[in-house]
Amino acid sequence: MTSQPSLAKPDSTPPQPGDPQSGGSDTGDGLKAGLKNRHLSMIAIGGVIGAGLFVGSSSGIAAAGPAILISYALVGAMVVLVMRMLGEMAAARPTSGSFSTYADQALGRWAGFSIGWLYWFFWVVVLAVEATAGAVILNGWIPAVPQWGWALIVMVVLTATNLVSVGSYGEFEFWFAGIKVVAIGAFVAIGLLAVFGVLPGSDNPGAGFAHLTDAGGFMPKGAGAILTGVLMVVFSFMGSEIVTLAAGESEDPQRAVTKATNSVIWRIGVFYLGSIFVVITLLPWNHKSITEDGSYVAALNSIGIPHAGQVMNVIVLTAVLSCLNSGLYTASRMAFSLGQRGDAPKAFARTNARGVPQAAILGSVVFGFVAVWFNYQWKDTVFDFLLNSSGAVALFVWLIISFTQLRMRGIILREEPEKLVVKMWLFPYLTWVTIAMISFVLVYMLTDEAGRKQVLLSLLAAAFVVVFSLVREKFGRRADDDTAEERAGA
């Protein structure tokens, strides 16, 4: 039986809070513990609400009808299980590298290197997607500024906030996420009142649960459409794991991770299932306004909310800016962690006097700018390739988290059992169930034309990174051996 790797590393005892080398508010690796509890709480809550929920839900409803609720529930359950596994590891060993660091320790250097760079790649491509989405909305309001100009402006502004301090990122994200949370909460509350016909002044008569079955039944497209819906909604959940990266820069990371992990069920239940339930009970699933105006705008219009389209544009813009802000933060912290482990340029592991990994932020945003340029210059070729080759990375990340947790549980129990404050339920059975669920989704994507392209190109990107890491490790080991022989000979 192969012995499990140790978490401990030579001469790597982390400085304790208050030690001279830690500076009290230093996290021990150069980063500053500048995120407050309210920042972490809102990052955890808002992390599961992406622009994809507002923009992409109408396509899922059109594809599966009311049964899209089952699609959201299945993906939501998968995310809850993945977050539970990640929470177990992050509560025991909070770090800015999160699952990449754990994969490095539990599965091998190749795993941490590969999933770290793939995750970084995913988020810098997201920067371009979200910057363009935000630019479209802003250009509609102020057409005098071209779309590319707006994309440049939002990227520069949010880069500046991330460069100031981690607290600056946290403050911006607190308000961005707060707006999303309040908006969705109000939508669910007002919508439910309208559904049951008790909202004063509502234009919607309220049909109760009738619209769940009155247009061809609950599964008008058949049970298979549920799986199609899964493929359409799965990527709108990406971002839940951000809080485990951010926790490394908080004053009480273990408490923050534990709280975020325990609350993920109700967050997904309210924000995803709750809001979609409101949409499909206010209107028949095949109502033309859902696809023409968007699901949330259609629901607001049915109630009689004035200027529903513009209201939703403000909310979507907030979600876009939130995603941009968090995407840049996440990419830079992953680059920082990779730099610390010698898997990225050493400059990425350096922090300035404010505890900000400046080079990691600038390196990430430069690629983001390049991706934005590709989106405007070669949208259907180069950028389409980038988009599809990062499309399945979310599922790869969740898969690696699952396999990593299988080994990390034993390592933590052996070396730091007192830190196992968050535990995966029914270990290892539910871990294997999660692995099976993620694998099934990946395989099922191969039966869908768009999904097949994403999986194959993402696998190509993953294979390239894995081979590069293995070759790099082999030659690095050989170089170390040669150096040792030269010293011995001397």
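As the structure is a prediction and not an experimental result, all values here were calculated from the model.

Participant: Explain the packing of helix α5 (residues 109–141) against helix α16 (residues 393–415) to me, please; I cannot follow it from the model alone.
Facilitator: Relative orientation and spacing of two packed helices are given, respectively, by the angle between their axes and the distance between those axes. Direction vectors running N to C along α5 and α16 enclose 150 degrees, while the axes themselves pass 10 Å from each other. When the axes of α5 and α16 are compared, the crossing they make is left-handed. Side by side, α5 and α16 meet where I115, L118, Y119 and F122 of the first sit next to V393, F396, V397 and I400 of the second. Taken together, the residues of the contact of α5 with α16 break down into 8 nonpolar, no polar and no charged.

Participant: Explain the packing of aromatic side chains here, please?
Facilitator: For any pair of aromatic rings, the description rests on two quantities: the centre-to-centre distance and the angle between the ring planes. Going through the model one piece at a time under the given rule, you end up with 23 aromatic pairs. Summarising the aromatic geometry, the rings of F122 and W123 are spaced 5.3 Å apart at their centres and angled 85 degrees between planes, so their arrangement reads as edge-to-face. A relative accessible area of 10% places F122 in the buried class. For W123, a relative accessible area of 3% translates into the label buried. Above the face of the F174 ring, R38 is positioned so that its terminal group lies 4.7 Å from the ring centre. One cation-aromatic arrangement involves R409 over F427; the distance from NZ or CZ to the ring centre is 4.4 Å.

Participant: Can you help me understand the pattern of salt bridges in this one?
Facilitator: Close approach of charged atoms allows side chains of opposite charge to pair. Summed over all chains, the structure comprises 10 salt bridges. Between R472 and D343 there is a salt bridge, with the nearest N and O atoms lying 3.2 Å from each other. Placement of the pair is R472 in helix α18 (residues 449–489) and D343 in the loop between α13 (308–340) and α14 (358–377), with a sequence separation of 129 residues. The exposure class assigned to R472 is partly exposed, which follows from its relative accessible area of 32%. Residue D384 pairs with K453 through a salt bridge whose shortest N-O separation is 2.8 Å. A residue pair is termed long-range when its members are at least 10 positions apart, and D384 in helix α15 (residues 379–389) and K453 in helix α18 qualify at 69 residues. Relative accessible area serves as the criterion here: at 23%, D384 is assigned to the partly exposed category. Through salt bridges with shared partners, a single ionic network connects R93, E416 and K419.

Participant: Help me understand unusual backbone geometry, please; the structure alone is not making it clear to me.
Facilitator: Cis geometry is found at the peptide bond from F427 to P428, where omega equals 0 degrees. As for its position among the elements, P428 is in the loop between α16 and α17 (429–445). The phi dihedral of S98 falls on the positive side, at around 45 degrees, and the residue is not glycine. With respect to the element layout, S98 can be found in helix α4 (residues 98–106).

Participant: Mind showing me how you'd approach a nonpolar patch on the surface here?
Facilitator: On the surface, L192, L193, F196, V198 and F209 cluster together into a nonpolar patch covering about 460 Å² of accessible area. Within the fold, F209 resides in the loop between α7 (166–195) and α8 (224–233).

Participant: I keep staring at helix α2 (residues 51–64) and nothing clicks. Help me out?
Facilitator: Two residues of an α-helix separated by three or four positions point the same way, owing to the 3.6 residues in each turn. For α2, spanning 14 residues, the distance from its first C-alpha to its last is 20 Å, which sits close to the expected 20 Å at 1.5 Å a residue. Considering bend angle alone, the principal kink of α2 is centred on S57 and spans about 45 degrees. Two residues or fewer past α2, G65 is found with a positive phi of approximately 70 degrees.

Participant: I'm lost on the confidence of the model for the protein in this one. Help?
Facilitator: Low pLDDT means the predicted coordinates in that region are not meant to be read closely. Taken over all residues, the pLDDT of the protein has a mean of 85, while the share at 70 or more is 90%. Contacts from residues 1–24, a stretch scored under 50 in pLDDT, to residues over four places away or in other chains number 29 contacts. Considering only residues more than four positions removed or in separate chains, one finds that residues 480–484, a stretch of pLDDT under 50, has 0 contacts.

About the thresholds
- Residues numbered from 1 in each chain as written.
- Predicted model: local features only at pLDDT ≥ 70, side-chain atom pairs only at ≥ 80, totals over all residues.
- Heavy atoms only, no water.
- Axes fitted to C-alpha atoms, helices over the stretch in contact; angles between N-to-C directions.
- Helix = DSSP H or I, 4+ residues; strand = E, 2+ residues; numbered from the N terminus.
- Left-handed = near helix turned anticlockwise from the far one by under 90°.
- Contact = heavy atoms within 4.5 Å.
- Nonpolar A, V, L, I, M, F, W, Y, C, P; charged D, E, K, R; others polar.
- Phe/Tyr/Trp six-rings, centres within 6.5 Å; stacked < 30°, edge-to-face > 60°.
- Buried < 20%, exposed > 50% of the residue type's maximum accessible area, 1.4 Å probe, protein only.
- Lys NZ or Arg CZ within 6 Å of the ring centre and 35° of its normal.
- Salt bridge = Lys/Arg side-chain N within 4 Å of Asp/Glu carboxyl O.
- Patch = residues over 30% accessible without salt bridge, like charges linked within 9 Å, V, L, I, M, F, W, Y side chains within 5 Å.
- Areas by Shrake-Rupley, 256 points an atom, 1.4 Å probe, with all protein chains shown as cover.
- Expected span 1.5 Å × (residues − 1).
- Bend = angle between axes of the 7 residues up to and from the residue.
- pLDDT = per-residue confidence, 0-100.

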